[in-house]
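# Coordinate analysis (summary)
Spelled out from the first residue to the last, the chains are:
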Amino acid sequence: MAEAHQAVAFQFTVTPEGIDVRLSHQALTEIYHSGIRSWKKRIIGLKNSVLTGVYPASPSSWLFVVIAILATMYTRSDPSMGLIAKIQEHLPVSQSMSTQCQALVSAVLFSTMLWLLLIFTMRLCLKQLLSYHRWMFEKHGKMSHTTKVWVALVRIFSGRKPLLYSYQGSLPNLPVPAIKDTVKRHLESVRPLMDDTEYERMTKLAADFEGGVGNRLQWYLKLKALWATNYVSDWWEEYVYLRGRSPIMVNSNYYGMDFMYVTPTPIQAARAGNSLYAFFQYRRKLNKEELQPTRIPGTVIPLCSAQCERLFNTTRIPGEETDTVQHWQDSDYIAVYHRGRYFRLKMYHGGRLLSPREIEFQIQRILDDPSTPCKGEAKLAALTAGDRIPWAKARTKYFSSGVNKRSLDCIEKATFFVTLDDEEHCVMGEDPAASLDRYAKSLLHGKCYDRWYDKSFTLIYYKNGKSGFNAEHSWGDAPVISHLWQVQLSNDCFQLGYNAEGHCKGDVDSSLPKPQKLNWEIPPECEEQISQSLAVAQALADDVDLHVFRFEDFGKGKVKKCRVSPDAFIQMALQLAYYRDQGRFCLTYEASMTRLFKEGRTETVRSCTSESSAMVRALDGGEAADVCRRLFHEAAEKHQYLYRMAMTGAGIDRHLFCLYVVSKYLGVESPFLQEVLSEPWRLSTSQSPIHVEMFDLVNYPDYVSCGGGFGPVADDGYGVSYSIVGEDILNFHISCKRSCPDTDAHRFGAAIRKALHDLIQLLMPNQTEPSRRQEKRPEVKKNL
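Residues numbered from 1 in each chain as written. Predicted model: local features only at pLDDT ≥ 70, side-chain atom pairs only at ≥ 80, totals over all residues. Heavy atoms only, no water.

When helices and strands are tallied, the chain shows 25 helices and 22 strands. A compact globule built from 784 residues would reach a C-alpha radius of gyration of about 28 Å, and the chain, at 29 Å, matches this within 12%. Seen through its C-alpha atoms, the chain measures out along the principal axes to roughly 95 × 80 × 60 Å. Per-residue burial for the chain yields a buried fraction of 54% across its 784 residues. Taking the intrachain contacts of the chain between residues at least 6 apart in sequence as the baseline, contacts between residues at least 24 apart amount to 78%. Accessible surface, the chain as shown: approximately 35000 Å² in total, 56% of it carbon and sulfur. (Helix = DSSP H or I, 4+ residues; strand = E, 2+ residues; numbered from the N terminus. Rg over C-alpha atoms; globule rule 2.2 N^0.38 Å. Buried < 20%, exposed > 50% of the residue type's maximum accessible area, 1.4 Å probe, protein only. Contact = heavy atoms within 4.5 Å. Areas by Shrake-Rupley, 256 points an atom, 1.4 Å probe, with all protein chains shown as cover.)

Put into structure tokens, the structure is as follows:
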């Protein structure tokens, strides 16, 4: 109980001599520093709110406008055309104020109104400029004069030093597509998947919907679009993520990996020390809005940054009907799991962030702690891995009061969750491919009770110094945490570094209080529920077949020489591989973003098209190479067109999804929408962004993340995540279910490799390069 007493600022005891009051100076000091830190954050937040509120102008521009107006007045001209005089007439002033002073106050008020009007006009102009998307459909390297003028205007109206959220008030709203356009695009997308009879039936359903109930649903949706910031995002979060009652582990959560061939230090506590320090550095910049606004690479076009707000201090709270996402404004500690025990580790001491060496010291204290888990504590997190309704009921019944509530609050309000894993993972042994697969599976689900799946993200540090993360999906999408993860990896190795022994650099303050072990009182009934949730989660985890491989024979550099988009090339390879694996085509999901719009999240690109299926049939059917090349380029161009349409708000699936939600609210049945929403995504794909500008791939080619992956969406389908690394590397993460006899992750991986080679051979038949792949490449440990 020593740690608990440290949290109490004073104690008193009633004695015959009176009341004996004992103050804890350490606790009072911590309270003081915590208050100072909180007020500093509020002041910074207020300052940033002002700067963001007047963007794209600056507060100093107000003074410029005031001086300009006063200067013109002293030249005996009236720039206000009589408005200053009108303001002076109606100015409620005391009789002691002189006429000259009244004129001055009136001029300042007019200047302020003029300044605000100018800000509103500039913001409106910037919003209209950001609504222009024709530039996306122009051929690479052939920018029109209109687009050149547009780029110049965007630069002018964007100001000089935008903060992270400066563009939020200028981003356009997501438009609602026309019913007829969405229905037409849907019919085009399903044509290669249906025979003539099925397609005729679907066409009739679509016509009935478009000419009937669809117009009514569209009217309500347009009304919502006028009222809401984004007509999709709130319903998408609610109905796709939070209302799901099945486990979020595997089904929703996703993972990210460390470097494949490099471990900066083999010391678990040291790796955690540098990494955790880098995470809190990032959070400090995020709170101060010092991070640059996210932009489309190579352009001046900003993307919505709203998802960054819930990156830290966020937890998904279970409910019987629907979950909720709870975000706290601040937290100065992390929750740590190690060998069945939970700890509260404060990251600040004396008003300052702990140094990497001090964090390593505190983590090592947890690793060396000889205490045993409380009764029922060891596998407690299995509740977050199982079905949501039992977890919601258990949370209400067993964790709503007393010591259990205090400990659960400590986990849920933590900045994020950390697992100190007692396993070792990396590319190692006689079978490096199998070891990489085990590493990925560990990040996806672990032991099903050693990650807190409800937290915005869980960091995992393995015994041999390897790391990774598992992220909850409802609060935000992969690009947000991917940026955080890669900034941390870069800072860990290239800025913070380690000493010759592999420890973090710096000294340790010996007065640091020990990490506080959390206590629990778990009744037998709750233990039974934990066991049931663990059984559900374990069955789900055991059913996952996961295969990860790095393709180094060629990369985007060679693909771009063929004047083909690397993403389109990979998508065509996936279509070819799936057809060879399954003997048919399927509805294919590729995740695109809609962050060009305010509060935008994702949209679907339906990668299986009539053009791609024609190309696959021709190539697999032995058609002439010229014919196959022509069909390939048509398919790739169609894919790029669909991707751009999705990014600019003209996708298919989010519009149909929202129409379906409206129909449910109105109690209207639509056979067309029911069939569309029930179509399975047997091939679900996503590209993991790799920020190569953070890494020196020339001098340190191995220092880049291996990307991440997710579980299969359909029971009889594949989940494929891929990342394009530099010019010569492609990473693939493939998942499916072992219980399905028709799918096999390793078999599909081999089909993808062959498809990539076949397509590059089709496009570049006369050029051959030696394989860059390095078989059984050894795991290395380096200190920079």
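Burial runs high along strand 21 (residues 729-737): 9 of the 9 residues are buried. Judged by which residues are buried, strand 21 turns out to be covered on both faces: Ile 729, Asn 731, His 733, Ser 735 and Lys 737 on one side and Leu 730, Phe 732, Ile 734 and Cys 736 on the other are all buried. Two elements, strand 15 (residues 544-551) and strand 21, share 8 bridges in a ladder whose sense is antiparallel. Its bridge partner being in strand 21, Leu 546 is matched across the sheet by Ser 735. (Pairing = 2+ DSSP bridges.)

Attention now moves to the nonpolar core. Note on soluble globular proteins: their nonpolar side chains tend to be buried together. Formed by 58 residues in total, the largest nonpolar core has its most connected members in Leu 276, Leu 311, Phe 416, Phe 457 and Leu 459. Taken together, the elements giving at least two residues each to this core come down to helix 11 (268-287), strand 7 (333-338), strand 8 (341-346), helix 12 (356-368), strand 11 (417-420), strand 12 (457-461), strand 13 (467-471) and helix 17 (478-496). At 9 residues, helix 11 tops the list of elements feeding residues into this core. Excluding residues within four positions of it along the chain, Phe 457 makes contact with Phe 279, Leu 311, Phe 312, Phe 416, Phe 417, Asn 470, Ala 471, Ile 481 and Leu 484. Ala 385, Ile 411, Leu 443 and Leu 540 belong to the second-largest nonpolar core, a separate cluster that totals 50 residues. (Core = buried A, V, L, I, M, F, W, Y, C linked by side-chain atoms within 4.5 Å.)

Strand order in the open sheet formed by 6 strands is 15-21-20-18-16-17, with mixed pairing between adjacent strands. Where the open sheet ends on each side, the last strands, each with one partner, are strand 15 and strand 17 (602-606). Ignoring strand direction, the axes of neighbouring strands in this sheet form an average angle of 20°. Each of strand 16 (588-593), strand 18 (683-687), strand 20 (718-725) and strand 21 is contacted by helix 20 (residues 566-582), which is oriented at about 150° to strand 20, the strand it contacts most. (Axes fitted to C-alpha atoms, helices over the stretch in contact; angles between N-to-C directions.)

Positive phi, normally seen in glycine, also occurs at Glu 289, with a value near 60°. Examined against the element boundaries, Glu 289 turns out to sit in the loop between helix 11 and strand 5 (314-317). You can call Glu 289 buried: its relative accessible area is 11%. With a phi close to 60°, Arg 563 is a non-glycine residue in the positive phi region. Examined against the element boundaries, Arg 563 turns out to sit in the loop between helix 19 (556-561) and helix 20. On the basis of relative accessible area, Arg 563 is assigned to the exposed category, the value being 80%.

Below, the discussion takes up helix 25 (residues 745-763). Helix length check: helix 25 (19 residues) gives 27 Å between terminal C-alpha atoms against 27 Å at 1.5 Å per residue, within 8%. Within helix 25 the residues assigned to the buried category are Ala 745, Phe 748, Gly 749, Ala 751, Ile 752, Ala 755, Leu 756, Leu 759, Ile 760, Leu 762 and Leu 763. Burial along helix 25 is one-sided: seen end-on, the buried residues are contained in an arc of 160°. One side-chain oxygen at the N-terminal end of helix 25 lies 3.1 Å from the backbone nitrogen of His 746; it belongs to Asp 744. (Expected span 1.5 Å × (residues − 1). Arc of directions from axis to C-beta. Polar contact = N/O pair within 3.5 Å; in protein donor to acceptor, adjacent residues only side chain to side chain.)

Right, let's talk about a nonpolar patch on the surface for a bit. A contiguous nonpolar surface patch, about 480 Å² in accessible area, is contributed by Trp 219, Tyr 220, Leu 223 and Leu 226. Along the chain, Leu 226 turns up in helix 9 (residues 213-227). For Leu 226, a relative accessible area of 75% gives the class exposed. (Patch = residues over 30% accessible without salt bridge, like charges linked within 9 Å, V, L, I, M, F, W, Y side chains within 5 Å. Salt bridge = Lys/Arg side-chain N within 4 Å of Asp/Glu carboxyl O.)

Moving on, we get to the pattern of salt bridges. A complete count under the given rule lists 42 salt bridges for this structure. Its salt-bridge partner being Asp 716, residue Arg 682 comes within 2.9 Å of it at the nearest N-O pair. Of this pair, Arg 682 sits in the loop between helix 24 (671-678) and strand 18 while Asp 716 sits in the loop between strand 19 (708-710) and strand 20; the two residues are 34 residues apart in sequence, bridging distant segments of the chain. By relative accessible area, which is 27% here, Asp 716 ends up partly exposed.

The next thing to look at is the packing of aromatic side chains. Evaluated as defined, the whole model comprises 39 aromatic pairs. With centroids separated by 6.4 Å and ring planes inclined at 85°, the aromatic side chains of Tyr 578 and Phe 748 adopt a geometry described as edge-to-face. Residue Tyr 578 is found in helix 20, and its partner Phe 748 is found in helix 25; the two are separated by 170 residues along the sequence. Tyr 578 gets classed as buried once you look at its relative accessible area, which sits at 2%. Of the residues examined, Phe 748 reaches a relative accessible area of 0% and is grouped as buried. An aromatic cluster is built from Phe 279, Phe 280, Phe 312, Tyr 348, Phe 416, Phe 457, Phe 469 and Trp 485, whose rings are joined through pairwise contacts. (Phe/Tyr/Trp six-rings, centres within 6.5 Å; stacked < 30°, edge-to-face > 60°.)

Moving on, we get to a positive patch on the surface. A cluster of basic residues, Lys 40, Lys 47, Arg 284 and Lys 288, forms a positive patch at the surface. With respect to the helices and strands, the residue Lys 288 is situated in the loop between helix 11 and strand 5. (Lys, Arg positive; Asp, Glu negative; His and termini not counted. Charge placed at Lys NZ, Arg CZ, Asp CG, Glu CD.)

Okay, the pairing of strand 8 next. With 6 bridges joining them, strand 7 and strand 8 adopt antiparallel strand pairing. Paired with Tyr 333 across the bridge in strand 8 is Lys 346.

Within the element layout of this structure, Thr 609 appears in the loop between strand 17 and helix 21 (610-620). Apart from residues lying up to four places away in sequence, Thr 609 is in contact with Pro 192, Lys 638 and Leu 642.

In total, this model carries 0 disulfides according to the counting rule given. Cys 586 supplies the cysteine sulfur nearest to Cys 608, a cysteine that is in no disulfide, at a spacing of 6.5 Å. (Disulfide = S-S within 2.5 Å.)

This paragraph deals with the environment of Arg 550. Mapped onto the secondary structure, Arg 550 falls in strand 15. Considering only alpha carbons, one finds Arg 550 and Ser 723, 173 residues apart in sequence, at a separation of 9.5 Å. Once residues lying within four places of it in the same chain are set aside, the contact partners of Arg 550 are Met 260, Tyr 261, Val 704, Ser 705, Cys 706, Ile 729, Leu 730 and Asn 731. For Arg 550, the side chain forms a polar contact with the side chain of Asn 731, separated by 3.0 Å.

In this section: the environment of Ser 246. Looking at where Ser 246 falls in the secondary structure, it is placed in the loop between helix 10 (233-242) and strand 3 (254-257). Relative accessible area serves as the criterion here: at 39%, Ser 246 is assigned to the partly exposed category.

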